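Each chain, written out:
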Amino acid sequence: MERTAVNPWDWSIKLGYNQAEVIDGATRQVFCAGQTAVDGEGNPQHPGDMRAQISLALDNLEAVLKGAGMTLSNVVKLGVYATDVDEALQNFDLMGMRFGPHRVAPPMTLLGVTRLAIPGLLFEIEATAAA
């Protein structure tokens with residue numbers, strides 16, 4: 001699979017994502033449901049702690065991708081939902097720490113929401129991956 005970044009402007013690169021990517025040569029796609037800060041039984045973890053919830057949601061995303069034979073390097077699109085966008089952005093260094101080593105900056109949308117499906121959850125991330 002070959003990725004070609006499309007960035008008519010460079011401001012989004014500074015925030016860690018491309019405006020678009022052209023994907024050539026992919027033969028498989030995986031559409032991941034939104035991942036949150038829940039344990040293996042689906043119980044919410046880290047109440048009130050946005051940073052810990054982002055970290056666990058990323059752990060869970062990586063586990064789903066691994067189950068599909070992929071890694072964060074295969075992610076081509078992200079959807080992020082947060083109950084407090086400002087607090088999420090204050091902790092977005094976690095996104096860079098996870099995606100940076102894979103040298104990818106998938107196009108991303110970050111939305112503020114009033115709540116997520118399970119009360120107490122603050123952050124959710126969904127991904128599309130290709131290989």
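Look a little higher up for the structure.
What you see is a predicted model; the values in this text were computed from it and never measured.

So, the overall build of the chain
Here comes step 1: When helices and strands are tallied, the chain shows four helices and six strands.
Here comes step 2: Each helix and strand of the chain, placed in order from N terminus to C terminus, yields the pattern β-α-β-β-α-β-α-α-β-β.
Here comes step 3: When the backbone C-alpha atoms are referred to their principal axes, the chain occupies close to 40 × 35 × 25 Å.
Here comes step 4: Counting over 131 residues, the chain shows a buried share of 38%.
Here comes step 5: The contacts of the chain with a sequence gap of at least 6 include a subset with a gap of at least 24, amounting to 73%.

Some thoughts on helix 2 (residues 50-67)
Here comes step 1: Given a rise of 1.5 Å per residue, 18 residues ought to cover 26 Å, and the 26 Å separating the end C-alpha atoms of helix 2 matches this to within 8%.
Here comes step 2: Those residues of helix 2 that sit buried are M50, A52, Q53, I54, L56, A57, L58, N60, L61 and L65.
Here comes step 3: For helix 2, the elements touching its buried residues are strand 3 (29-35), strand 4 (75-82), helix 3 (85-90), helix 4 (93-99) and strand 6 (123-130).
Here comes step 4: With a side-chain oxygen lying 3.3 Å from the backbone nitrogen of R51, the N-terminal cap of helix 2 falls on D49.
Here comes step 5: Where helix 2 ends, the next residue or the one after it, G69, has phi of about 75°, a positive value.

Points about the pattern of salt bridges
Here comes step 1: Within this structure, the stated rule accounts for four salt bridges.
Here comes step 2: D59 is paired through a salt bridge with R98; the nearest N and O atoms lie 2.7 Å apart. Here D59 is found in helix 2, whereas its partner R98 is found in helix 4, with 39 residues between them in sequence.
Here comes step 3: On the basis of relative accessibility, which here comes to 37%, the residue D59 falls in the partly exposed class.
Here comes step 4: One salt bridge in this structure joins E62 and R98, with 2.8 Å as the shortest N-O distance. With E62 in helix 2 and R98 in helix 4, this pair connects stretches of sequence that are 36 residues apart.
Here comes step 5: Classification of E62 by relative accessible area gives partly exposed; the value is 29%.
Here comes step 6: Through salt bridges with shared partners, a single network forms among D59, E62 and R98.

Some remarks on the environment of S12
Here comes step 1: Examined against the element boundaries, S12 turns out to sit in helix 1 (residues 11-14).
Here comes step 2: For S12, a relative accessible area of 0% corresponds to the buried category.
Here comes step 3: Separated by 116 residues in the primary sequence, S12 and T128 have C-alpha atoms spaced 19 Å apart.
Here comes step 4: In this structure S12 touches N7, Y17, N18 and Q19, once residues within four positions along its chain are discounted.

Let's talk about the layout of surface pockets
Here comes step 1: A volume near 190 Å³ is recorded for the largest pocket.
Here comes step 2: Around the largest pocket, the lining comprises 14 residues; the ones closest to its centre are L15, G16, M95, G96 and F99.
Here comes step 3: Considering every element that reaches the lining of the largest pocket, the biggest residue donor is helix 4, with three residues.
Here comes step 4: Classifying every residue of the lining of the largest pocket gives ten nonpolar, four polar and no charged.
Here comes step 5: The volume enclosed by the second largest pocket comes to roughly 150 Å³.
Here comes step 6: Among the residues making up the lining of the second largest pocket, the classes are represented as six nonpolar, no polar and no charged.

Rules behind the numbers
- Residues numbered from 1 in each chain as written.
- Predicted model: local features only at pLDDT ≥ 70, side-chain atom pairs only at ≥ 80, totals over all residues.
- Heavy atoms only, no water.
- Helix = DSSP H or I, 4+ residues; strand = E, 2+ residues; numbered from the N terminus.
- Buried < 20%, exposed > 50% of the residue type's maximum accessible area, 1.4 Å probe, protein only.
- Contact = heavy atoms within 4.5 Å.
- Expected span 1.5 Å × (residues − 1).
- Polar contact = N/O pair within 3.5 Å; in protein donor to acceptor, adjacent residues only side chain to side chain.
- Salt bridge = Lys/Arg side-chain N within 4 Å of Asp/Glu carboxyl O.
- 1 Å grid on protein atoms, 1.4 Å probe; cavity = no way out; pocket = protein on both sides within 12 Å on 5 of 7 lines; lining within 4 Å.
- Points joined across faces, edges and corners; volume = space filled by probe spheres on them.
- Nonpolar A, V, L, I, M, F, W, Y, C, P; charged D, E, K, R; others polar.

Interpretation in functional terms is not warranted from these geometric data alone.
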